[in-house]
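# Understanding the architecture of this molecule
Residues per chain, in single letters:
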Amino acid sequence: DGHPPFKNDAMIDFTIPECRTAFPAAIAKIRETAGGRIPLFINGKDVQTDDVIPTTNPADYSEKLADVCQAGTAEIDAALEAADTAFQTWRDTPAKERAECLMRAAELARERQYELSAWQVLEIGKQWDQAYHDVGEGIDFLEYYAREMLRLDKPRRMGRAPGEHNQLFYQPKGVAAVISPWNFPFAIAIGMCSAAIVTGNPVVFKPASIASRVGYNLVEIFREAGLPDGVFNYCPGRSSVMGDYLIEHPKVSMICFTGSMEVGLRIQNKASVVQPGQMQCKRVIAEMGGKNAIIIDDDADLDEAVLHVIYSAFAFQGQKCSACSRVIVLDPIYDRFIERLVHACGDIKIGRSENPENYMGPLADVSCQKTVLDYIKIAEEEGTILLKREDIPAEGAYAPLTIVGDIKPEHRIAQEEIFGPVLAVMRASTFDEALDIANGTRFALTGGVFSRSPEHLEQARREFRVGNLYLNRNNTGALVERQPFGGFKMSGVGSKTGGPDYLIQFLDPRVVTENT
Ligand code: NAD
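Report follows, based on the coordinates. Note that the structure is predicted; figures quoted are calculated from it, not measured.

### Considering the overall build of the protein chain
Helix and strand counts for the protein chain stand at 15 helices and 23 strands. For 516 residues, the compact-globule formula gives about 24 Å, and the C-alpha radius of gyration of the protein chain, at 23 Å, lands near that figure. C-alpha atoms of the protein chain, sized along the principal axes, occupy 70 × 60 × 50 Å. The long-range fraction of contacts in the protein chain, counting pairs at least 24 apart against all pairs at least 6 apart in sequence, stands at 76%. If you sum the accessible surface of the protein chain, you get close to 20600 Å²; carbon and sulfur atoms cover 51% of it.

### Some thoughts on the site of the ligand
By nearness alone, 26 residues border the ligand, and S180, K206, S260, M288 and E417 come closest of all. One nitrogen or oxygen atom from the side chain of K206 is found 2.7 Å from an oxygen atom belonging to the ligand. G259 has a polar backbone atom sitting 3.3 Å from an oxygen atom of the ligand. Alone, the ligand offers 850 Å² of accessible surface; in the complex the protein occludes 87% of this. Only α8 (239-248), β11 (252-258) and α9 (261-271) provide two or more residues apiece to the shell around the ligand. For the shell around the ligand, the element with the most residues is α8, which contributes 3 residues. When grouped by side-chain class, the residues that make up the shell around the ligand number 13 nonpolar, 8 polar and 5 charged.

### Here's the deal with the pairing of strand β19 (residues 446-450)
Burial analysis of β19 places 5 of its 5 residues in the buried class, which makes it a mostly covered element. Burial of the side chains of β19 extends over both faces: T446, G448 and F450 are buried on one face and G447 and V449 on the other. Pairing of strand β13 (residues 292-296) with β19 involves 4 bridges; the strand directions are parallel. Looking at the pairing, A293 lines up with G447 of β19. By the bridge criterion, 4 bridges tie β19 to strand β20 (residues 468-471) in an arrangement that is parallel. Looking at β20, one finds that G447 is bridged to L469. Since β19 and β20 lie parallel, the crossover through helix α15 (residues 454-463) that links them has a hand, and here it is right-handed.

### Considerations on the nonpolar core
One broad rule of soluble globular proteins: the nonpolar side chains tend to lie buried together. Grouped together as the largest cluster of nonpolar side chains are 76 residues, with contacts concentrated most on F222 and F232. Looking at this core element by element, the count peaks at 13 residues for helix α5 (residues 128-152). F232 has contacts with F41, C193, I197, V203, F205, L218, V219, F222 and L227, leaving out every residue within four places of it along the chain. Counting 39 residues, the second largest nonpolar core, distinct from the first, contains V404, I418, A428 and L435.

The rules behind these values
- Residues numbered from 1 in each chain as written.
- Predicted model: local features only at pLDDT ≥ 70, side-chain atom pairs only at ≥ 80, totals over all residues.
- Heavy atoms only, no water.
- Helix = DSSP H or I, 4+ residues; strand = E, 2+ residues; numbered from the N terminus.
- Rg over C-alpha atoms; globule rule 2.2 N^0.38 Å.
- Contact = heavy atoms within 4.5 Å.
- Areas by Shrake-Rupley, 256 points an atom, 1.4 Å probe, with all protein chains shown as cover.
- Near = heavy atom within 4 Å.
- Polar contact = N/O pair within 3.5 Å; in protein donor to acceptor, adjacent residues only side chain to side chain.
- Nonpolar A, V, L, I, M, F, W, Y, C, P; charged D, E, K, R; others polar.
- Buried < 20%, exposed > 50% of the residue type's maximum accessible area, 1.4 Å probe, protein only.
- Pairing = 2+ DSSP bridges.
- Right-handed = clockwise from strand over helix to strand, strands pointing away.
- Core = buried A, V, L, I, M, F, W, Y, C linked by side-chain atoms within 4.5 Å.

What follows is the structure, given as structure tokens:
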């Protein structure tokens, strides 16, 4: 198809001086444009509303990044109407042309990678490298799904019966509602939107409220990439006003959601009820939460394990669906591991993410802060606090990095997703018991094992039942194509993002048989 093979966007290297100077420059540049009003984008046009919500910097609430117009039900009607109209031509637009739009979008994102990253630093308190790699993942999704669509575009001859020709091919499903979380506000949002768009399904996109300025980056990119009117519509809004309305709307053919289990289950429930005028069963793809564990075997390399557990649990303040929130340590090594972990975490620098010397920053929003502080209270009741870093800025959405020991499998701290810098430590007397504990939640997203025993690593491959398992490395940062990402059980329904089965979900297969 004339495209070079897929290659992941390169990791940023801060030993290169230009990479270090580019960030403050990009942050200063976007600050100049910040604070204005962000319209909706429907049918290729900006749409203003009276209802706006400000989006602010969680390190300093006085810094407003934008006033974001909010879609009500009338705007959702208009967006779905536009998407439905666009579908009539977009469905038959050659896959190659649709893929080219994604390639152009990837190019635009690459040109602006620092500025796109800077918005995340300011809007949700992401660290420089974390933000840069979020944008890099978004670029990867665009590049990968473009190529995947070209692969799927070839009709397949089925069987070899004489006198008969059977052909299998795919068609798009219809209008997609895309609902994204705030924690990978560019990557996940553009990943879901681009998958829908390249397969021929126009999108009505609702970003997470607290990351809607980053969500607007998609408008800036897709508009310039030259998508026809109505193929991509940006509709931030209050879930209480337009959430159910969008899900239940008869014009919606599929819902592509990433977020919490609670909201994901609600969406599946609402989407299953057939509405007057609805012509098809809605497909729901819902990527949901995790309660991810890392097992530390008694022969683990502790230098490695401590470092990787810290990164898995506390990078971006633990606000990743893949983050480690339970560490299960084999008895003989328990005290040594904990001592080193707690000691190392005592030194972690916490403060504004704008300053690259800080390893941890504020939580993404005051609401996230409240949830995490409530869970720390529960941790104090259920277990023994081994570390609680209260030396954090008083202003802004900070929460103490917390490590809690003596947590038992039935504790809430061992079962519920906290989504913050709170790590539960659990003790196991055998590797079998460690696996039982690891598998003993409703979730099945990521997991990790540190061990030098080939038998234990082999056993973990078979019996540690999660979507993405990592052996002797951290358990976050899955890369498009190399580590297709996603879980099962209550961690979600749907096939892995950034993998070969993802786009199929946006398509309906057809077979034509001709008697020859
Ligand atoms: P959330 O569930 O609170 O919100 C996700 C999105 O759903 C937001 O856009 C929100 O506005 C919207 N929403 C909320 N109520 C709705 C309703 N009634 N109808 C329609 N839309 C509604 O999640 P969050 O706090 O934004 O993100 C964190 C969660 O996302 C965590 O649970 C995390 O594990 C999960 N997550 C999962 C993956 C994955 O790939 N499995 C990736 C990232 C995040």
